[in-house]
Amino acid sequence: MKEIKNKDIGFRIMELRLDRGYSRERLAERAGISSKFLFEIERNEKGFSANTLINLAEALDVSADYIMTGHGSTKFDEGIAEALEKFEPSILEKVEALLKLAYEIAHCN
């Protein structure tokens, strides 16, 4: 059984926050906690309740499992998988090519 390390959890929350472009204040507001408390969570100075975990997961659009373990999926990943499942297998190669092109366009800026 894998050990859950609080240090990793705080870092993962901070990394997700930064990846989404949220200030600490903005994420705290979305999760219904104070920015000071969020700072303490990110620095592994305080633990948090299951309710706070759920609120953070929803605010960051990831699963609670992902916050706790680094495994699991984001809601975004699930949405992409659901959309891809709608395509016929013969079309998926073209969809992949379009996604690669979209990635290149997005990173040309």
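Each remark here, short or long, concerns the structure printed above.
Source: prediction; values computed, not measured.

**Quick look at the pattern of salt bridges**
When their charged atoms lie close together, side chains carrying opposite charge are able to pair.
Then comes step 1: Evaluation of the coordinates by the stated rule reveals seven salt bridges.
Then comes step 2: Glu29 is paired through a salt bridge with Arg26; the nearest N and O atoms lie 3.1 Å apart. In this pair, Glu29 and Arg26 are both assigned in helix H2 (residues 24-31), three residues apart and thus about one turn of the helix distant.
Then comes step 3: Residue class for Glu29 comes out exposed when judged on its relative accessible area of 59%.
Then comes step 4: Across the pair Lys36 and Glu40 runs a salt bridge whose closest N-O atoms are separated by 2.7 Å. Of this pair, Lys36 and Glu40 both sit in helix H3 (residues 35-42), four residues apart, roughly one helical turn.
Then comes step 5: One continuous salt-bridge network, built from bridges that share partners, spans Arg17, Arg24 and Glu42.

**Points about the nonpolar core**
Then comes step 1: Ranked by internal contacts, the top residues of the largest apolar core, which has 17 residues, are Ile13, Leu27, Ile33, Leu38, Leu56, Leu60 and Ile67.
Then comes step 2: Those elements that place two or more of their residues in this core are helix H1 (6-19), H2, H3 and helix H4 (50-60).

**Here's the deal with the packing of H2 against H4**
Then comes step 1: Their axes nearest at 8 Å, the elements H2 and H4 cross at an angle of 120°. Viewed along their axes, H2 and H4 adopt a mutual orientation that is oblique. The two elements H2 and H4 meet at a crossing, and its hand is right-handed. Contacts from Leu27, Arg30 and Ala31 of H2 reach H4 at Asn55, Leu56, Glu58, Ala59 and Leu60.
Then comes step 2: Of the residues assigned to the contact of H2 with H4, the class counts are five nonpolar, one polar and two charged.

**What to know about unusual backbone geometry**
Then comes step 1: Backbone geometry places Asn44, a non-glycine residue, at a positive phi of 60°.
Then comes step 2: Relative to the elements of secondary structure, Asn44 occurs in the loop between H3 and H4.
Then comes step 3: The phi dihedral of Asp61 falls on the positive side, at around 60°, and the residue is not glycine.

The rules behind each value
Residues numbered from 1 in each chain as written. Predicted model: local features only at pLDDT ≥ 70, side-chain atom pairs only at ≥ 80, totals over all residues. Heavy atoms only, no water. Salt bridge = Lys/Arg side-chain N within 4 Å of Asp/Glu carboxyl O. Helix = DSSP H or I, 4+ residues; strand = E, 2+ residues; numbered from the N terminus. Buried < 20%, exposed > 50% of the residue type's maximum accessible area, 1.4 Å probe, protein only. Core = buried A, V, L, I, M, F, W, Y, C linked by side-chain atoms within 4.5 Å. Axes fitted to C-alpha atoms, helices over the stretch in contact; angles between N-to-C directions. Parallel < 35°, antiparallel > 145°, perpendicular 65-115°, else oblique. Left-handed = near helix turned anticlockwise from the far one by under 90°. Contact = heavy atoms within 4.5 Å. Nonpolar A, V, L, I, M, F, W, Y, C, P; charged D, E, K, R; others polar.

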